[in-house]
Amino acid sequence: MKNLAVAGTGYVGLSCGTCFADMGNNVTFIDISEEKINMLRNGKVPIFEPGLSEMIERNIKAGRMHFTTNYAEALTDAEFIFICVGTPSGVDGEADLQYVRMAAESVAKNMDHYTIVVNKSTVPVGTGDWVADIITRSQPDPIPFDVVSCPEFTREGSAIYDFMNPDRVVLGSHNAEAAEKVAQLHLPLRARIVVTDIRTAEMIKYASNAFLATKISFINEIAAICERLGADVQEVAVGMGYDKRIGPAFLNAGLGYGGSCFPKDVKALEHMALVHGSHPSLLRAVIDINRDARRWAVLNLRELVGGKLANCRIGILGLAFKPNTDDIREAPAIEISRMLQSEGASVAGYDPVAMNNIARLDRNLHLVEDPYELATGADALLVCTEWNEFKQLDLPRVKGLMKQPVIVDGRNIYEPQVMYNLGFQYRAVGRGAALTNGF
Ligand code: NAD
């Protein structure tokens, strides 16, 4: 059993810290948000993540999870502090490191014994050294510490499973002993551990996310070509995915990547490359294609409702950036909703778990209670998130409720032939074979 502090009770801090507690460690969570800490103290979980509430309840009962807004309290017995604060996009796509700076300064001012500062936030290459510098300069008296980079690869929606079953754990440090101590914490996971220097560890995270975003933009480019040439991108992806050198993951054509990581991380890597004199032309293309994926939805909706979106009522099925999360950061639904509104459409939306988050962000998006209310009187529906509950809708009932039977399927959850047989005007991404077969 080790004593850990975790700074940041967001998607990463709360999920990873809870998993560490579940592995038998004593974990103190610290956040600058009193609201979040009070919720957690009262047994309420501020985010939706499958399996997380149950795990938190179990570990609070076992006395292994504590919550505070006070760094001194969190650091009292801590051998490690994990920095899991946000690193959002700043000006020109550069990662905004204000929260990391704040956390590093707080650690420096409140530590009273040797502590290993583990950076889990996704940060630009060189940040580990910068954090060490901030801590050294902000300490009232010199106290030894080490910085270890341990980037996080979990996905929202399956964070608990991903943390407990990692493909690898990446550790970067100038001090092999400190890296070894962080490696020991991960031993129960029986994972491959890659130990390297801090800068390389930081780059592994960006390169991994940029590669996955590239796969998504690649298949979306193929989808656009399929539409023109009469091929079916779904089958193309299956045929490609069986090739072990390619693999099936991240080959789903759709409305592009969103969420709190891929968009900001690709932009931050592009920014890093540019300011250091590199030419990130592939990353630029990845970003452009992702923007086009959102435009695809608007173009198809406009065409199918008769050429003009003004005064049309469009219903958006799914608002979260992907299923099994309530995270709406950079969700395609938000961007597309704004584009539709700017053309004069009135937009309504429904999501099984993300409605509260949307209500805070976009007051012009009218929220309804279920998919059938969304369909009532709608000129068109747009599938933005592939929640399972949308796959089994009573489609004849949906059609009967709509003003015009138009569905634009941005996540390819329906079969074109079935939709045409039901009498829908239907568009899916990259399914050109259905288009050229006369539908
Ligand atoms: P988040 O916005 O959900 O949570 C960040 C938390 O940090 C907030 O609760 C905020 O109040 C708190 N915070 C800010 N400043 C603080 C400070 N000085 N001290 C203590 N707490 C502070 O962010 P997130 O999605 O958990 O992401 C955190 C980091 O992990 C980011 O760098 C992100 O890129 C990276 N990451 C995220 C995911 C993911 O699935 N969300 C996956 C891998 C990596």
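The structure displayed is predicted, hence computed values, not measured ones.

The rules behind these values
Residues numbered from 1 in each chain as written. Predicted model: local features only at pLDDT ≥ 70, side-chain atom pairs only at ≥ 80, totals over all residues. Heavy atoms only, no water. Helix = DSSP H or I, 4+ residues; strand = E, 2+ residues; numbered from the N terminus. Buried < 20%, exposed > 50% of the residue type's maximum accessible area, 1.4 Å probe, protein only. Areas by Shrake-Rupley, 256 points an atom, 1.4 Å probe, with all protein chains shown as cover. Pairing = 2+ DSSP bridges. Expected span 1.5 Å × (residues − 1). Near = heavy atom within 4 Å. Polar contact = N/O pair within 3.5 Å; in protein donor to acceptor, adjacent residues only side chain to side chain. Nonpolar A, V, L, I, M, F, W, Y, C, P; charged D, E, K, R; others polar. Domains from an automatic or database assignment. Contact = heavy atoms within 4.5 Å. Buried area = accessible area lost by both parts, 1.4 Å probe. Salt bridge = Lys/Arg side-chain N within 4 Å of Asp/Glu carboxyl O. Axes fitted to C-alpha atoms, helices over the stretch in contact; angles between N-to-C directions. Parallel < 35°, antiparallel > 145°, perpendicular 65-115°, else oblique. Phe/Tyr/Trp six-rings, centres within 6.5 Å; stacked < 30°, edge-to-face > 60°. Lys NZ or Arg CZ within 6 Å of the ring centre and 35° of its normal.

### Remarks on the overall build of the protein chain
Here comes step 1: Within the protein chain one finds 19 helices and 14 strands.
Here comes step 2: Each of the three principal axes of the protein chain carries a C-alpha extent, and together these read 75 × 50 × 40 Å.
Here comes step 3: Relative to its full complement of 439 residues, the protein chain shows a buried share of 54%.
Here comes step 4: Working note: accessible area of the protein chain is about 19600 Å², and carbon and sulfur atoms make up 51% of it.

### Re the sheet that holds strand β11 (residues 366-367)
Here comes step 1: The parallel open sheet is built from 6 strands, whose spatial order is β11-β10-β9-β12-β13-β14. Edge positions in the sheet fall to β11 and β14 (425-428), since each has one partner strand and no second.
Here comes step 2: Where strand β9 (residues 313-317) lies against strand β10 (residues 346-350), 5 bridges are found, and the strand directions are parallel. Bridged to G315 within β10 is A348.

### Some remarks on helix α1 (residues 11-22)
Here comes step 1: Taking 1.5 Å of rise per residue, the 12 residues of α1 would be expected to cover 16 Å, and the 17 Å separating its terminal C-alpha atoms lies within 8% of that figure.
Here comes step 2: One or two residues past the end of α1 sits G24, with phi positive at roughly 105°.

### Comments concerning the site of the ligand
Here comes step 1: Neighbouring residues of the ligand: 27 residues in total, closest D31, Y71, T87, E156 and K264.
Here comes step 2: A distance of 3.0 Å is found between an oxygen atom of the ligand and a side-chain nitrogen or oxygen belonging to R329.
Here comes step 3: Burial of the ligand by the protein chains amounts to 91% of its free accessible area of 840 Å².
Here comes step 4: For the shell around the ligand, the secondary structure elements donating two or more residues are α1 and α5 (98-110).
Here comes step 5: At 3 residues, α5 tops the list of elements feeding residues into the shell around the ligand.
Here comes step 6: Tallied by class, residues from the shell around the ligand come to 11 nonpolar, 9 polar and 7 charged.
Here comes step 7: Both of domain 1 (3-196) and domain 2 (211-435) provide at least three residues apiece to the shell around the ligand.

### So, the domain arrangement of the protein chain
Here comes step 1: Domain assignment breaks the protein chain into domain 1 (3-196) and domain 2 (211-435).
Here comes step 2: Taking only C-alpha atoms into account, the centre of domain 1 sits 33 Å from that of domain 2.
Here comes step 3: With 17 residues of domain 1 in contact, the opposing surface of domain 2 contributes 15 residues.
Here comes step 4: Both faces considered, domain 1 and domain 2 share a buried interface measuring about 1300 Å² in area, 54% of it formed by carbon and sulfur atoms.
Here comes step 5: Ranking the residues of domain 1 by area buried against domain 2 places Y11, F48 and E156 at the top, with a combined share of 40%.
Here comes step 6: On inspection of domain 1 and its partner domain 2, the count reaches 1 salt bridge.
Here comes step 7: R329 is the partner of E156 in a salt bridge, and the nearest nitrogen-oxygen pair spans 3.8 Å.
Here comes step 8: Inspection of the region where domain 1 meets domain 2 yields 7 residue pairs in polar contact (both at pLDDT 80 or more).

### Some words on the packing of helix α6 (residues 127-138) against helix α9 (residues 198-229)
Here comes step 1: Interhelical geometry of α6 versus α9 gives an angle of 125° and a closest axis separation of 8 Å. Between α6 and α9, the angle falls in the class oblique. Of the residues in α9, those touching α6 at T127, G128 and D129 are I198, R199 and E202.

### Topic: the packing of aromatic side chains
Here comes step 1: Considering all chains together, one arrives at 8 aromatic pairs under this definition.
Here comes step 2: Pairing F250 with F262 gives two aromatic rings, centres 6.1 Å apart and planes at 45°, and the pair type is tilted. Pair noted here: F250 is in the loop between α10 (233-241) and α11 (262-275) and F262 is in helix α11, with a separation of 12 residues, a long-range link.
Here comes step 3: Geometrically, the ring pair formed by Y257 and F262 is edge-to-face, given 6.1 Å between the ring centres and 75° between the ring planes. The pair Y257 / F262 is uniform in exposure class, with both members buried.
Here comes step 4: Here a set of aromatic residues connected by ring pairs shows up, and it is made of F20, F80, F82 and F163.
Here comes step 5: Looking at R168, its charged tip hangs above the ring of F153, at a distance of 3.7 Å from the centre.

### Here's the deal with the environment of G349
Here comes step 1: Looking at the secondary structure, you find G349 in strand β10.
Here comes step 2: Classification of G349 by relative accessible area gives buried; the value is 0%.
Here comes step 3: On a C-alpha basis, the gap between G349 and I316 in space is 4.5 Å, while along the polypeptide they are 33 residues apart.
Here comes step 4: If near-sequence neighbours (up to four positions away) are discounted, G349 is found in contact with I316, L319, M355, L365, H366, L367, V368 and L374.

### What about helix α12 (residues 281-304)?
Here comes step 1: Compared with the 34 Å implied by 1.5 Å per residue over 24 residues, the 34 Å span of α12 between its first and last C-alpha is a close match.
Here comes step 2: In the stretch just after α12, G306 is the one whose phi turns positive, near 110°.

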